[in-house]
Amino acid sequence: MYLAIDDTDSSQGMCTTFLLTEIIERSGLDIIGMPALVRLNPTVPFKTRGNGALRVNLGHGEGETRVIGVFGNRPITAFQHGSEAVTEREMIDMAEPVVREFAELGDDNTNPGIAVSRHGLPEEFYWRAVRDFLTVEDAEEFLKKNGAMYVRIKKGRGIIGSAAALSWKGARKTYELLAYRYPHPEPIPQDMRMSMASMADTIPGTFNNVDRNNRHAAIFPSEKTPVILGIRGRDPEALLGQGIGMVISWNVGHDRILVYESNQATDDHIIENPGKLEDYHTYRITGRVLSSPYSIRGSHYFCNIQWKESTVKIAAFEPTKEFRRTFRQLAQGDMITVYGSFISGTINVEKLDLVGRAMLYEKSSPGCPVCHKQMENHGHGDYRCRTCGERLKVPHYTVVNRGLSEGQYDVPVIARRHLSRPFDFSAQTVGSIRR
Ligand code: ATP
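Residues numbered from 1 in each chain as written. Predicted model: local features only at pLDDT ≥ 70, side-chain atom pairs only at ≥ 80, totals over all residues. Heavy atoms only, no water.

Some words on the pairing of strand β18 (residues 335-343)
- Of all 9 residues in β18, 7 are buried; the element is thus mostly enclosed.
- Direction of pairing for strand β14 (residues 281-289) relative to β18: antiparallel, over a ladder of 8 bridges. Each residue of the ladder has a partner; that of Ile285, found in β18, is Val338.
- Looking at chain direction, β18 and strand β19 (residues 346-356) are connected through 9 bridges and run antiparallel. Within β19, the residue paired with Ile343 across the bridge is Thr346.
- Between β18 and β19, which pair antiparallel in sequence order, lie 2 residues; one of them, Ser344, sits at a positive phi of approximately 50 degrees. (Buried < 20%, exposed > 50% of the residue type's maximum accessible area, 1.4 Å probe, protein only. Helix = DSSP H or I, 4+ residues; strand = E, 2+ residues; numbered from the N terminus. Pairing = 2+ DSSP bridges.)

Here it is in structure tokens:
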């Protein structure tokens, strides 16, 4: 029986992923396959952090098992397949009290939703939820039509994420190891965080662990949450083996570790070659740079590109750090592909491919064709040789060395979005992960 939950936390605490571990623990049922952490449209304004929904398949386990986590000192195993152990009603009756006990229901912006189904739901709803905007009514209609049972708590907006998690098929997937303690533990000192994040970076296939330039240990959350750390990877075996072993050896006060499959770093949120641009959607568009980038107070950079018949403003905001060095070297005539969310008429660039670099020329006074001395510029295309009196109307042009090559540019790890797939994935091969 698939169970999905969403929208249980506030910025003050809790995390839906921790709540899922509590439901697993109390259910006494077996985990079939891996639990899933499914990120959805990153631009929805009412998200708490990363707009993530959770799903797990619980029942009587059958077939091969593997260890996917540790609760206390007890290994947590997942079965390859399984059969039903409870009805939809029993699953809801088991999960709902846990959600009510742990969710931050005092926060206006916390509106949990629980959905259960005997089978996965049609994928179409996931694609809408990761790219588009949906309503609670859309989710209700979809769940009813597909015979799923659900509960809305307060406004119950969480059923949007829950329905999407039930319909995620994982055509592209990565993995994340999460370690928890509830209530959240003491913060770990910055130096230790940096060295742990660097160690995590040695696990094959892991990504976005550490940003050395910005001294940012990205495996640690920045807000108060039961999550102590999260290590993302593309090789599940490396996370399950080396990853779990490493986190246990760190002894960071965790009492649970669980590995999830996820749509993180898949670019699933990106709409390619759209007909038009609409607010709160994320796009990949290709266009020609119309003018040199300019900055405004706060060190945010902007420029306009010609995309189809329209002029589109694109931006590299201050949090994208050194990526702005690349951005501000763009020049009129460059052909670029940008990936980013369209918000209030501007694309917030999350990565950029310089596909065709414009040649830039610098104008100077020409050399005299008779005596080879540098000529004098008398303005308005009038160049005169002081030595022999020769005159020319055409200046000399030299190609400017721009210091920016054609190629793909990611924002630094500190500024990466959960769903954004780093360009450097294409250069690496990891296990049997599909790309
Ligand atoms: P949590 O860790 O609790 O999941 P979060 O950052 O993921 O925090 P939520 O608090 O879950 O954010 O808030 C996101 C809300 O947006 C949820 O209610 C979810 O159902 C809803 N939602 C997700 N995708 C969409 C979408 N495409 N359109 C409209 N609402 C959505």
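This is not the end of the story, as more comes after the structure.
Observations regarding the pattern of salt bridges
- Scanning the entire structure with this criterion turns up 26 salt bridges.
- Across the pair Arg384 and Asp382 runs a salt bridge whose closest N-O atoms are separated by 2.7 Å.
- Classification of Asp382 by relative accessible area gives buried; the value is 15%. (Salt bridge = Lys/Arg side-chain N within 4 Å of Asp/Glu carboxyl O.)

A word on the nonpolar core
- The biggest cluster of nonpolar side chains holds 65 residues, and the ones touching the most others in it are Leu3, Leu229, Ile231 and Trp250.
- When neighbours within four sequence positions are excluded, Trp250 is seen to be in contact with Met196, Met199, Ala200, Ile219, Leu229 and Ile231.
- The next biggest cluster of nonpolar side chains, apart from the first, holds 26 residues, and it includes Ala53, Ala139, Phe142 and Leu143. (Core = buried A, V, L, I, M, F, W, Y, C linked by side-chain atoms within 4.5 Å. Contact = heavy atoms within 4.5 Å.)

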